[in-house]
Structures are given as structure tokens and as C-alpha cells.
Amino acid sequence: MKPPFHAEHIGSFVRPPRLIEAARVHKAAHKAGKLDDAGFRAVQDDCIREIVAFQESIGLPSITDGEFRRRSWSAGFIDAVEGFGLRDGTLGFRNESGVMGVASSPYAKQRLKRKHRIVADDFRFLKSVVKRGVPKVTIAAPDVMHWFLGPQAFEPAYRDREAFFADLGAIYKAEIAELAKEGCRYLQLDDTALPCNCDPNARKDVVARGEKPDELTERYARLFNDSIAAKPSDMAVAIHLCRGNLKGAWMAEGGYEPVADALFNRLNADIYCLEYDTPRAGDFSPLRFVPKGKTVVLGLVSTKTPQLESKDALKRRIDEAAKYVPLERLGLSPQCGFSSGGGSGQTVTQDDTRRKLELIMDVARDVWK
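I will try to describe carefully the structure that is included in this document. Computed from a prediction, not measured in an experiment: that's the story for all the values here.

Another point: the nonpolar core. Counting residues in each nonpolar core, the largest one holds 108 residues, and the members touching the most others are Phe-77, Met-145, Phe-164, Leu-287 and Leu-298. Considering each element in turn, this core owes the most residues, nine residues, to helix α6 (residues 161–181). Discounting residues that sit within four places of it in the chain, Met-145 has contacts with Phe-77, Ile-78, Phe-84, Pro-106, Ala-140, Ala-153, Phe-164, Leu-168 and Tyr-172. Within the second largest apolar cluster, nine residues are counted, among which are Tyr-186, Ala-236, Ala-238 and Ile-271.

See the structure below:
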């Protein structure tokens, strides 16, 4: 078994209540100066063993640790790199009722430095407990560290954007080298920047801060390529594009057309996991830019709602996408992880998760016999 796969999942899973409680207690202990790292890690280990067994019971070909060691999907990277702070950006999460509030974004308050291994230790443990399937590790994509704040993401710590990107790229190269030593052969980079750069209103914000949206797309493709340049030839790299997913809310909308050419032809990913669960993601026509040799995983199953999708409807949509990309180079997945924000209050339960993943497996068996 090796990627790409016709049935996928994106990474995170709903945190068990005892993991959420252990994280709360651990945080309080740190504040009180009473460290309990070993006890907290033991709870994490047990919960990861259980979520691995859960994935294996469904028959998923790729297996993650559920992102159970992170506060949120991007926090694993931010927490492991010295120099980051958080400040409010211009985009807020929104739901059907309106904007919920502005999202905090990372910025370099001083020169960035990798404090320790970011996900390589997490991968080592994951690999040790996976019995069936390919262990997959997820990490935030490098452009996420810039897009939401623009120049404010690196000023005044860096003289210019290129110096900031050089340090970012070096951090990713070092981490990917560590992952390679641990035997990782499936890496997923989670990107909310490029899909948000498809939103007309967000693109106006980019212009207002003195930048050009299309230039950013091209520069981000080069940053991505530089970050993975030294990976082993047998390490498959996926990029997951998401417009935000926090307890059913999102940050942006708009089809992939503004970024499609650069995304598919100048960004060197092997696999593209694309959000396609609502009309906010546009139609499949941007897939006409996908070249031979690359795989597209269609995120048609929503993790924002417990409602189960129709098997027939999913098959019809796969057929629509196959007008642009041959069926053998397509796959099916949820549009995002099941608990990207971490913590409690998720809109789906573990039972919902099982039903949705079993549906994906059923459809994949029918379509890619």
C-alpha cells in the first residue's frame, strides 16, 4: 500500500472527553508550576492507540494520530517554533448567522527558530502503533504563517518578506529531514491561505495592505516547493486546501479558479485534497489545469454537519469531476478534519465520524472497483 488512495481522510478526529480534561488539567498544572508532562503524555498515547484502532477497523488506507497532541491544527507547528506571537487578522469565521469574530493569526515577533522536532516524534509513536495502513503526518503549510497578516506577519522581526520565507523554508526542510529518518513516506501540508486567496473580498484586503493576490499565489508555490525540496523521492506529499473549519464555521468562499494554474502546475504536490462539500468551493472546472501524474481527492463529505450525504449524490459528483480529471486519478474524502479547532463543542460526534468514513469507503469500493 502506498499513496495516493481512492479513499482518504484529512487528519484530525474528535477529541475524547478524557483527553480534553487531561489537557485542561495539564495546562493548569503548568500555570501552577506543577509539571505533569508524563501523565498527560500517557493519556495522549492511549487515546492515539484507540483512534488508530478506530481507523483500522473502518479499513482506511492512511492512518493519522488524530492530531491529538495539538491544541489545534496549526498549533503543533507554532508551538514548536520560537519567535511566534498571535495577533488579529482581517478574516473572521462565519456561519449561516453571520461573522463570529476575527481569527487570530501567527506573526514573527522575533527571528524564527525551531526549538525542537515538530511532528517527527509524533510520527515515531504513530508508526509504532499502526498495524494496518500507511501512517500519515499532517502539518500546517508555510504560507499560512504569512497570508492572514501580510507584512505584519514578519515586521519588524525581519527586514523583508524574503528573509522571513528563507527562515520558514529552512525550518520545514529540517523537519522533513527528521520525518524521513523516522520512515515517514506520507506527508500532508494543510493550507488555508491559497483557498482564502480565492475569496474576492479577501483579495481586496490583500490589495489594501499593499500586496498583489496573484503574485502571492506564485510566491507561495515557490515557498512550498522550497520547503519540500529535500524530501526523499519516495515520500508522497499532499496539500489539503480548506477555507476554514471551526465548529461548522468557515472563513472564505470562492472557487479555485484564481489559483488553479499555479496550484496544479507550479506547486509540486503529488496529491491535492480539495474542499468541495458546499457551493462555496465553486465547481469542478478549475480541475482542467491538473496535469498528468497528479491526483485529486475530492472533499465531498462535510465535517461541518452530522448529516450523512447520499451515496448516489456522491457518485454523481465524482462523475462530474471525472470530466476534467480521469477517474483513476480521483479519490474521495471529507472536506477537512473532524476536529480541526481541537477541544470540545464539535458539530459531529465519533458515531457521525464512523458513518461518514464508512460511507466514503463504500463509495470508493463501488466507484474504483
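Spatially, the six strands line up as an open sheet ordered β5-β6-β7-β8-β9-β10, and their pairing is parallel. Unpaired on one side and paired on the other, β5 (137–140) and β10 (330–334) mark the two borders of the sheet. Each adjacent strand pair in this sheet contributes to an overall mean axis angle of 25°, direction not counted. Judged from the four bridges that link them, β5 and strand β6 (residues 186–191) form a sheet pairing that is parallel. Bridging across to β6, Thr-138 finds its partner in Gln-188.

Our focus in this paragraph is the side chain of Lys-294. Structurally, Lys-294 can be placed in the loop between β8 (271–275) and β9 (295–301). The buried charged residue Lys-294 lacks any salt bridge partner; its closest oppositely charged side chain belongs to Asp-270, at an N-O distance of 7.3 Å. Within the structure, Lys-294 has its side chain in polar contact with the backbone oxygen of Phe-264 (distance 2.8 Å). A distance of 2.8 Å separates the side chain of Lys-294 from the backbone oxygen of Leu-267, its partner in a polar contact.

Turning our eyes to something else, we now look at empty space enclosed by the protein. Applying the stated criterion to the full structure yields two cavities of 30 Å³ or more. Empty space within the largest cavity amounts to approximately 80 Å³. Elements that contribute at least two residues to the lining of the largest cavity include exactly α4 (120–129) and β5. Of the residues forming the lining of the largest cavity, the biggest block, three residues, is contributed by α4.

Time to look at the pattern of salt bridges. Per the counting criterion, the structure on display carries 34 salt bridges. Of the charged contacts in the structure, one is a salt bridge between Arg-70 and Glu-67, with a shortest N-O distance of 3.8 Å. Like Glu-67, Arg-70 is buried. Residue Asp-160 is joined to Arg-159 by a salt bridge in which the shortest nitrogen-to-oxygen separation is 3.7 Å.

Rules used in this analysis
Residues numbered from 1 in each chain as written. Predicted model: local features only at pLDDT ≥ 70, side-chain atom pairs only at ≥ 80, totals over all residues. Heavy atoms only, no water. Core = buried A, V, L, I, M, F, W, Y, C linked by side-chain atoms within 4.5 Å. Buried < 20%, exposed > 50% of the residue type's maximum accessible area, 1.4 Å probe, protein only. Helix = DSSP H or I, 4+ residues; strand = E, 2+ residues; numbered from the N terminus. Contact = heavy atoms within 4.5 Å. Pairing = 2+ DSSP bridges. Axes fitted to C-alpha atoms, helices over the stretch in contact; angles between N-to-C directions. Lys, Arg positive; Asp, Glu negative; His and termini not counted. Salt bridge = Lys/Arg side-chain N within 4 Å of Asp/Glu carboxyl O. Polar contact = N/O pair within 3.5 Å; in protein donor to acceptor, adjacent residues only side chain to side chain. 1 Å grid on protein atoms, 1.4 Å probe; cavity = no way out; pocket = protein on both sides within 12 Å on 5 of 7 lines; lining within 4 Å. Points joined across faces, edges and corners; volume = space filled by probe spheres on them.

All quantities given are derived from atomic positions and should not be read as evidence of function.
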